[in-house]
Amino acid sequence: MIPPSELIRVTTPRVACDGAGEIAPALGHPRVWLQIDEHGYVDCGYCDRRFVLIGGPADGVDPATLRDIPSGASV
């Protein structure tokens, strides 16, 4: 498996992603809300960022060993 393009550790199970970061927000993607489930992480369907819940089951695990989980994003 190939690790995600960017790993972001978060403190809440509900996160927003707009693809911005080091790039200008206008070059990102529409803002989507993602919900981290019992796996402890969720992937953004637009930019492939992976959000990992701090203290969750995926925290501290090698990202390359985690399978891709479709985001179930809502706008």
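For the structure itself, consult the block above.
Chemist: So, the pairing of strand β2 (residues 14-17): which residues are in play, and what are the values?
Modeler: Of the two faces of β2, the one holding Val15 and Cys17 is buried and the one holding Arg14 and Ala16 is not buried anywhere. Bridge count for β2 against strand β3 (residues 32-35) is four bridges, and the pairing is antiparallel. Bridge pairing in β3 links alanine 16 to tryptophan 33.

Chemist: Outline the environment of histidine 39, supporting the account with residue identities and numerical values.
Modeler: Within the fold, histidine 39 resides in the loop between β3 and β4 (41-43). Classification of histidine 39 by relative accessible area gives partly exposed; the value is 27%. Sequence-wise, histidine 39 and alanine 58 are 19 residues apart; in three dimensions their C-alpha atoms are separated by 6.6 Å.

Chemist: Tell me about the nonpolar core, and please be specific about residues and values.
Modeler: Counting 10 residues, the largest nonpolar core is built from Val10, Val15, Cys17, Val32, Leu34, Ile36, Val42, Cys44, Phe51 and Leu53. Of all the secondary structure elements, the ones that give two or more residues to this core are β2, β3 and β5 (49-53). Setting aside chain neighbours within four positions, we find cysteine 17 in contact with His29, Pro30, Arg31, Val32, Leu34, Cys44, Cys47, Arg49 and Phe51.

Chemist: So what about the environment of aspartate 68? Which residues, and what values?
Modeler: Position of aspartate 68 among the secondary structure elements: in the segment after β5. Residue aspartate 68 is classed as exposed on the basis of its relative accessible area, which comes to 57%. Between the alpha carbons of aspartate 68 and aspartate 43 there is a distance of 7.1 Å; along the sequence they are 25 residues apart. Other than its neighbours up to four places away in sequence, aspartate 68 contacts Asp43 and Arg50.

Chemist: Help me get a handle on the sheet that holds strand β1 (residues 6-10), residues and values and all.
Modeler: Within the open sheet, the three strands sit side by side as β1-β5-β4. Their pairing is mixed. Both outer strands of the open sheet, β1 and β4, are each paired with one neighbouring strand and no more. Averaged over neighbouring strand pairs, the angle between their axes works out to 20° when direction is ignored. Summarising the sheet, β1 and β5 pair through five bridges and their orientation is parallel. Across the sheet, residue arginine 9 finds its bridge partner in β5, namely valine 52.

What counts, and at which threshold
- Residues numbered from 1 in each chain as written.
- Predicted model: local features only at pLDDT ≥ 70, side-chain atom pairs only at ≥ 80, totals over all residues.
- Heavy atoms only, no water.
- Buried < 20%, exposed > 50% of the residue type's maximum accessible area, 1.4 Å probe, protein only.
- Helix = DSSP H or I, 4+ residues; strand = E, 2+ residues; numbered from the N terminus.
- Pairing = 2+ DSSP bridges.
- Core = buried A, V, L, I, M, F, W, Y, C linked by side-chain atoms within 4.5 Å.
- Contact = heavy atoms within 4.5 Å.
- Axes fitted to C-alpha atoms, helices over the stretch in contact; angles between N-to-C directions.

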